[in-house]
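# Breakdown of the fold
One letter stands for each residue in the lines below.
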Amino acid sequence: MSDRKPLISGNWKMNLNHFEALKLVQELSYQVSVDDVEEVDVSLHPPFTDIRTVQTVLEADRLPFHLGAQHCHHEDSGAFTGEVSPAMLAKLNISYVLAGHSERREIFGESDALINLKVKAILKYEMTPILCCGETLEERDAGQAEAKVSGQIVAGLDGLTSEQVTNMVVAYEPIWAIGTGITASAEDAQGMCAVVRSTIAETFGADAAAGIRIQYGGSVKPNNAKELMSQPDIDGALVGGACLEADSFARIIQYRLAE
Ligand code: PGA
């Protein structure tokens, strides 16, 4: 067992308005105890329109969840219609920001170079980036999964110090497992998370590799979280569909109690 505290993150994607957000956070708070979060960090990543509402309830009720965002621009401010800056997120006491989710890469054309700028901008405002990586099914079938993922890691972390990398989070999410109900086997997920860790060891040294937290994402559910989380190189989960219901997200947070 490592001493890395697991991080379970809920990526709400483009779901729930701010009224629904409030309801979900309140329901979650009834189901997750302070004891649960002594063992596991939890972050919630609502859409931008919900963040202020969620921040208010987390702070007023002292709920033990970290606030997160799904995306940001890399500049502090300026003529970037529709975008939100890391400075704005930091003002809302955001702790974690996703960078380079595969939907941002595939649907919105974000490149490794752009994602690297975002990672640096998130760090500049003392928030923690969750750098996402993962291969398509075609790349996996062609034996290119490891090269794709390690390339994304090296490019996404380019120019960072070992200390910065030590305190970061990477989410390994095979694209074929996202939203499909098909989860990578625990062995495959472990194997790829080990590739991420050894890539970091080669580039940033042993301390960075030992410190960084690596999440698995892709159809994580209450019935598979425990097995995934028991793998030595998996330090958490990035959860999409199953985080939209308080009951299923709470059971993932409490994965230790599963049969
Ligand atoms: P999923 O999404 O759990 O619905 O597969 C995971 C993600 O995209 O972060």
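Being a predicted model, the structure only gives us computed values, none of them experimental. (Residues numbered from 1 in each chain as written. Predicted model: local features only at pLDDT ≥ 70, side-chain atom pairs only at ≥ 80, totals over all residues. Heavy atoms only, no water.)

## Quick word on the packing of aromatic side chains
Stated formally: Only Phe, Tyr and Trp rings take part, Trp by its six-membered ring, and two of them pair if their centres are within 6.5 Å. Stacked means planes under 30 degrees apart, edge-to-face means over 60, and tilted covers everything else. Runs of E in the DSSP output that reach at least two residues are strands. Runs of H or I that reach at least four are helices, and both are numbered from the N terminus. Working rule: Lys NZ or Arg CZ, within 6 Å of ring centre, within 35 degrees of ring normal, means a charge sits over the ring.
Inspection of the entire model under this criterion finds one aromatic pair. When the ring of Y172 is compared with that of Y216, the centres are 6.3 Å apart and the planes differ by 55 degrees; the resulting orientation is tilted. Note that Y172 is positioned in strand β6 (residues 169-172) and Y216 in strand β7 (residues 213-217), a separation of 44 residues in sequence. Lying over the aromatic face of F108, R104 brings its terminal NZ or CZ to 4.1 Å of the ring centre.

## Examining the pairing of strand β1 (residues 7-11)
Two faces belong to every sheet, and in a regular strand the side chains alternate between them. We apply this condition: Type-normalised accessible area, obtained with a 1.4 Å probe on protein chains alone, sets the label of each residue: buried when under 20%, exposed when over 50%, and partly exposed for intermediate values. Pairing between strands is defined by DSSP: at least two bridges between them are needed.
In terms of burial, β1 is largely enclosed, as five of its five residues are buried. Where β1 lies against strand β2 (residues 41-45), five bridges are found, and the strand directions are parallel. Its bridge partner lying in β2, G10 is registered against L44. The pairing of β1 with strand β8 (residues 236-239) spans four bridges and is classified as parallel. Note that in β8 the partner of I8 across the bridge is A237.

## Looking at the nonpolar core
How we decide: By convention a nonpolar core is built from buried Ala, Val, Leu, Ile, Met, Phe, Trp, Tyr and Cys residues, the set being connected through side-chain atoms within 4.5 Å. Whether two residues touch is decided by their heavy atoms; if any such pair falls within 4.5 Å, the residues are in contact.
If you look at the biggest cluster of nonpolar residues, it comprises 71 residues, and the most contacted ones within it are I8 and I200. Examining the composition of this core, we find that seven residues originate from one element, helix α10 (residues 186-204), more than from any other. Once residues lying within four places of it in the same chain are set aside, the contact partners of I200 are I153, L157, V165, V170, G205, A208, A209 and I212. Core analysis: the next-biggest nonpolar cluster, separate from the first, contains eight residues, L98, I130, C132 and V169 among them.

## Here we look at the packing of helix α6 (residues 112-124) against helix α8 (residues 145-156)
The geometry of a pair of packed helices is captured by two quantities: the angle between their axes and the separation between those axes. Under the convention used in this document: The axes used here are C-alpha line fits, helices contributing only the stretch in contact, and every angle between their N-to-C directions lies in the interval 0 to 180 degrees. Orientation categories follow fixed angle ranges, with anything under 35 degrees roughly parallel, anything over 145 roughly antiparallel, 65 to 115 roughly perpendicular, and all other angles oblique. Here the nonpolar group is Ala, Val, Leu, Ile, Met, Phe, Trp, Tyr, Cys and Pro; Asp, Glu, Lys and Arg are the charged ones; every other residue, Gly included, is treated as polar.
The geometry of α6 relative to α8 is characterised by a closest axis approach of 8 Å and an angle of 45 degrees between their N-to-C directions. Taken as axis vectors, α6 and α8 run oblique relative to one another. Here D112, N116 and V119 of α6 lie close against α8, whose contacting residues are Q152, A155 and G156. Here the residues of the contact of α6 with α8 are counted per class, giving two nonpolar, three polar and one charged.

## A look at the pairing of strand β5 (residues 128-133)
With six of six residues buried, β5 lies mostly within the body of the structure. A two-sided burial pattern is seen for β5, the buried positions comprising T128, I130 and C132 on one face and P129, L131 and C133 on the other. Direction of pairing for strand β4 (residues 96-99) relative to β5: parallel, over a ladder of four bridges. Residue pairing in the sheet places A99 in a bridge with L131 of β5. In terms of strand pairing, β5 meets β6 through four bridges, oriented parallel. Bridge assignment links I130 to a residue of β6, and that residue is V169.

## What to know about helix α13 (residues 246-253)
A large share of α13 lies buried, amounting to six of its eight residues. Buried residues of α13: A246, S248, F249, A250, I252 and I253, and no others.

## Some points on the site of the ligand
Quick reminder of the rule: Note on definitions. A residue lies near a molecule or strand when any single heavy atom of the residue is within 4 Å of it. Within 3.5 Å is the distance limit for a polar contact, defined as a pair of N or O atoms, with the added protein rule that one can donate a hydrogen and the other accept it, and that residues adjacent in sequence qualify only through two side-chain atoms. Areas reported as accessible are Shrake-Rupley estimates using a 1.4 Å probe. Residue values count occlusion only from the protein chains shown.
For the ligand, the set of nearby residues contains 13 residues, the closest of which are K13, H101, E173, G179 and S219. Taking E173, its side chain carries an N or O atom lying 2.7 Å from an oxygen atom of the ligand. A distance of 2.8 Å is found between an oxygen atom of the ligand and a backbone nitrogen or oxygen belonging to G241. If the ligand stood free it would expose 280 Å²; the protein chains cover 97% of that surface. Residues that form the shell around the ligand fall into these classes: four nonpolar, seven polar and two charged.

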